[in-house]
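One letter stands for each residue in the lines below.
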Amino acid sequence: MREAIPPSAHEALAVFPELLRPFLHQRGLVDESSARSFLEPDYERDLHDPFLMRDMARAVERIKSAIEAGEKIIIFGDYDADGIPGAVVLASFFNKINYSRYEVYIPDRHEEAYGLNVEAITAFAKSEASLIITVDCGVSNHAEITLANSLGVDVIVTDHHTAPEILPPAYAVLNPKRLDDEYLYKALCGAGVAFKLVQALAQQIPAPISHGWEKWLLDLVAIATVADMVPLTGENR
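Notes on the structure in this doc start here. Quick caveat, the model's predicted, so the values are computed rather than measured. (Residues numbered from 1 in each chain as written. Predicted model: local features only at pLDDT ≥ 70, side-chain atom pairs only at ≥ 80, totals over all residues. Heavy atoms only, no water.)

1. Quick look at the packing of helix H6 (residues 83–96) against helix H9 (residues 190–204)
In step 1: Interhelical geometry of H6 versus H9 gives an angle of 10° and a closest axis separation of 8 Å. Judged by the angle between their axes, H6 and H9 are roughly parallel. When the axes of H6 and H9 are compared, the crossing they make is left-handed. Contacts from Pro85, Gly86, Val89, Leu90 and Phe93 of H6 reach H9 at Ala191, Ala194, Phe195, Leu197, Val198, Leu201 and Ala202.
In step 2: Looking at side-chain class alone, the contact of H6 with H9 contains 11 nonpolar, one polar and no charged residues. (Axes fitted to C-alpha atoms, helices over the stretch in contact; angles between N-to-C directions. Helix = DSSP H or I, 4+ residues; strand = E, 2+ residues; numbered from the N terminus. Parallel < 35°, antiparallel > 145°, perpendicular 65-115°, else oblique. Left-handed = near helix turned anticlockwise from the far one by under 90°. Contact = heavy atoms within 4.5 Å. Nonpolar A, V, L, I, M, F, W, Y, C, P; charged D, E, K, R; others polar.)

2. Some remarks on the packing of aromatic side chains
In step 1: This model, assessed by the stated rule, comprises six aromatic pairs.
In step 2: With centroids separated by 6.0 Å and ring planes inclined at 45°, the aromatic side chains of Phe94 and Tyr99 adopt a geometry described as tilted.
In step 3: By relative accessible area, Phe94 is classed as buried at 0%.
In step 4: Ring pairing ties together the aromatic residues Phe93, Phe94, Tyr99 and Tyr102, which thus form one cluster.
In step 5: The cationic tip of Arg58 hangs over the ring face of Tyr171; the distance from NZ or CZ to the ring centre is 3.8 Å.
In step 6: Taking NZ or CZ as reference, Arg237 lies 3.9 Å from the ring centre of Phe38, over its face. (Phe/Tyr/Trp six-rings, centres within 6.5 Å; stacked < 30°, edge-to-face > 60°. Buried < 20%, exposed > 50% of the residue type's maximum accessible area, 1.4 Å probe, protein only. Lys NZ or Arg CZ within 6 Å of the ring centre and 35° of its normal.)

3. Quick notes on the environment of Tyr79
In step 1: With respect to the helices and strands, the residue Tyr79 is situated in the loop between strand E1 (72–77) and H6.
In step 2: With 28 residues separating them along the chain, Tyr79 and Pro107 place their C-alpha atoms 6.3 Å apart.

4. Observations concerning the sheet that holds strand E2 (residues 102–105)
In step 1: Taken in spatial order, the five strands of this open sheet run E2-E1-E3-E4-E5, and their pairing is parallel. Of all strands in the sheet, those bounded by a partner on one side alone are E2 and strand E5 (172–174). Across the sheet, the mean angle separating the axes of adjacent strands is 15° when strand polarity is ignored.
In step 2: With four bridges connecting them, E1 and E2 associate as parallel partners. If you follow Ile73 over to E2, its bridge partner there is Tyr102.
In step 3: Its contacts with the sheet put H6 on E1, E2 and strand E3 (129–135), and the angle it makes with E1 is roughly 155°. (Pairing = 2+ DSSP bridges.)

Structure (structure tokens):
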């Protein structure tokens, strides 16, 4: 087993069992600090400040104003095992603060395809919704978000797919893969981005949320993280 990695790696990882060292090395964990972070993930230590994500403060303020004004909010989740848990994460937040003027909308995979669509947005506007929060979609929906704006409906995008150079004209775009985003971890799934939004909201709307309540949502985020096959490193780990 020793021949599987160079002697220097064995020395750098000497505090770990010899059998474990090659597996750590193959994952690019070449020193004790990085290896311990991987083997012993810690919620408080390893999660980044959600407000480091571009547009997070703007998104939180818009949602707070919607809650205070009693606006109708649509959670528009993708139809897969990332978007659906992410939509539940957001719905769980609204339920926790006893806010009932929201609806969860999951598009039909065969009839509506992926992402926002004109028919759904038109129906939301007719139902007097004034805010749409996407989950795991939206970053490429320029035309649809332009339509929503024209109908008086703001859109907050939470997405993790590769962002175009020109972003859609949404009220806020939460996506660590934005070219202008300096968030410290780029590999979140869609539900992970939605969770960061809830984490930020929980800091700004503390009652009746107790410190650390959002950790109870991590089973949903874990399902999405594994199902969407994002890297099990950093915050995902």
